[in-house]
Amino acid sequence: MTKLSCIHFTRVLFIAFACSAAGASAQQRPPIVDQIAKAHGLDSWGQIEAIRYTFNIDAASLKLKLSRSWVWEPKTDRISYDGPDKTGKGVKITYSHSQPASVTEVVKSEIEPAFTNDSYNLFGHFHLVWDTSATVEDAGKQKLPLEKGSAEKVVMKYPSEGGYTPGDTWIFFVAPDGRIRELDFHRGGKAPPAVYTAVFADYKKVGPLLLSLDHPGKADGQPARVFFTNVAVKLAGSDTWMEAQQLPAG
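(A) Geometry of the overall build of the protein chain. The helix and strand inventory of the protein chain stands at 3 helices and 14 strands. Taken over 250 residues, the protein chain has a buried fraction of 51%. Counting contacts in the protein chain only where the partners sit at least 6 residues apart, residues at least 24 apart contribute 54% of the total. Here the protein chain has roughly 11600 Å² of accessible surface; of this, 51% comes from carbon and sulfur atoms.

(B) The packing of aromatic side chains, seen in detail. All told, the structure shown has 17 aromatic pairs when counted by the stated rule. An angle of 25° between the planes, with centres 5.6 Å apart, marks the rings of F123 and F126 as stacked. On the accessibility criterion, F123 (1% relative accessible area) is buried. Here the aromatic cluster, defined as three or more aromatic residues joined through ring pairs, consists of W45, Y53, F55, W70, W72, Y81, F115, F123, F126, W130 and F228. Directly above the aromatic system of W241 lies the positively charged group of R52, at a separation of 5.0 Å from the ring centroid.

(C) Region of the structure containing the nonpolar core. Core analysis: the largest hydrophobic core is formed by 58 residues, its most contacted members being W45, I51, F123, M156 and L211. Aside from chain neighbours lying at most four places away, what touches I51 is W70, V71, W72, F123, L209, L211, A232, V233 and W241. Listed in part, the 5 residues of the second largest apolar core include L144, A151, V155 and F173.

(D) Spatial organisation of unusual backbone geometry. Phi at K63 takes a positive value of approximately 55°, unusual for a residue other than glycine. Position of K63 relative to the elements: it lies in the loop between strand 1 (48-59) and strand 2 (64-73). Even without being glycine, D77 reaches a positive phi, approximately 60°. As for its placement among the helices and strands, D77 is situated in the loop between strand 2 and strand 3 (78-84).

(E) The side chain of H215, seen in detail. Along the polypeptide, H215 turns up in strand 11 (residues 209-219). Residue classification places H215 among the buried positions, given a relative accessible area of 2%. Within the structure, H215 has its side chain in polar contact with the backbone oxygen of S212 (distance 3.2 Å). Discounting residues that sit within four places of it in the chain, H215 has contacts with N121, Y196, A198, V199, F200, A224, R225, V226 and F228.

(F) Representation of the confidence of the model for the protein chain within the structure. Residues with a pLDDT of 70 or more make up 87% of the protein chain, whose mean pLDDT is 87. Within the model, pLDDT remains below 50 along residues 1-25, and this stretch shows 80 contacts once partners closer than five positions in the same chain are excluded.

(G) Representation of the pairing of strand 10 (residues 201-206) in the model. By the bridge criterion, 5 bridges tie strand 10 to strand 11 in an arrangement that is antiparallel. Directly across from A201, in strand 11, lies its bridge partner D214. Hairpin connection from strand 10 to strand 11: 2 residues lie between these consecutive antiparallel strands, with G207 at a positive phi of about 60°. The pairing of strand 10 with strand 14 (residues 245-246) spans 2 bridges and is antiparallel. When the bridges of strand 14 are listed, K204 appears paired with Q246.

(H) Representation of the pattern of salt bridges. Within this structure, the stated rule accounts for 6 salt bridges. The partner of R68 in a salt bridge is D118, and the shortest N-O contact between them spans 2.7 Å. In this pair, R68 is assigned in strand 2 and D118 in helix 2 (residues 105-123), connecting sequence segments 50 residues apart. The class of R68 is buried, set by a relative accessible area of 5%. Between R78 and E73 there is a salt bridge, with the nearest N and O atoms lying 3.1 Å from each other.

(I) Just the pairing of strand 11, in detail. When you tally the buried positions in strand 11, you get 9 out of 11 residues, the bulk of the element. Relative to strand 11, strand 9 (residues 195-199) is paired through 3 bridges, and the arrangement is antiparallel. Bridging from a neighbouring strand, T197 pairs with K218 of strand 11. Where strand 11 and strand 12 (residues 222-235) come together, 6 bridges link them in antiparallel fashion. Bridge pairing links K218 to P223 in strand 12. In textbook terms, the turn of a hairpin is the stretch between consecutive antiparallel strands, and for strand 11 and strand 12 this stretch comprises 2 residues, one of which, D220, has a positive phi near 50°.

Definitions and limits used
Residues numbered from 1 in each chain as written. Predicted model: local features only at pLDDT ≥ 70, side-chain atom pairs only at ≥ 80, totals over all residues. Heavy atoms only, no water. Helix = DSSP H or I, 4+ residues; strand = E, 2+ residues; numbered from the N terminus. Buried < 20%, exposed > 50% of the residue type's maximum accessible area, 1.4 Å probe, protein only. Contact = heavy atoms within 4.5 Å. Areas by Shrake-Rupley, 256 points an atom, 1.4 Å probe, with all protein chains shown as cover. Phe/Tyr/Trp six-rings, centres within 6.5 Å; stacked < 30°, edge-to-face > 60°. Lys NZ or Arg CZ within 6 Å of the ring centre and 35° of its normal. Core = buried A, V, L, I, M, F, W, Y, C linked by side-chain atoms within 4.5 Å. Polar contact = N/O pair within 3.5 Å; in protein donor to acceptor, adjacent residues only side chain to side chain. pLDDT = per-residue confidence, 0-100. Pairing = 2+ DSSP bridges. Salt bridge = Lys/Arg side-chain N within 4 Å of Asp/Glu carboxyl O.

What follows is the structure, encoded as structure tokens:
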């Protein structure tokens, strides 16, 4: 995975990202991590030339309702943004970590943290593989936080130093087929929400990837929803966007 910058960000994000510590040794992952990766198409990540999506959030209790659009080209670390700045004014900007001159102060203080936040909401479970500084535990089958039934509980916890909010804990509830059923996020810092619990709904095929595009749930006990629109990928060697597709019935 292309490394993402760890930049101090004082503006409250809905769900913040804790980066891997440089040089951290990889923890031995439980076997279920490979099952999750394969179920969601992570083995095909190397085929992805670009991915586009619009991150949407509706959390009235936190006074958060916004949309931000992205195009991410992982192979070149090029990122394009179309959305509001901190004042609400529309911004369009493209930057690349391989071209330091493109990483302006606005990118460092606003755009990059927003990208990291939004991409983590879409690819959070991929970080079970990508983020070697986090510890990952298979806690066995346990009751789902929101829906009826139970699923395998996989706990990913970040260290107490580094990242936006050190000590973040991401708990994924995993179905027998390897798909994520629910997320239970606990923030390590003081910024709201302290807890965000959501269902992983609206699974769609996006090229070789399988992604959940709707995460309705609760932020600190109040209704909240993160969802993604305009999702598509472009594969290496192709100029054609592959739109998200409904899965076959049954």
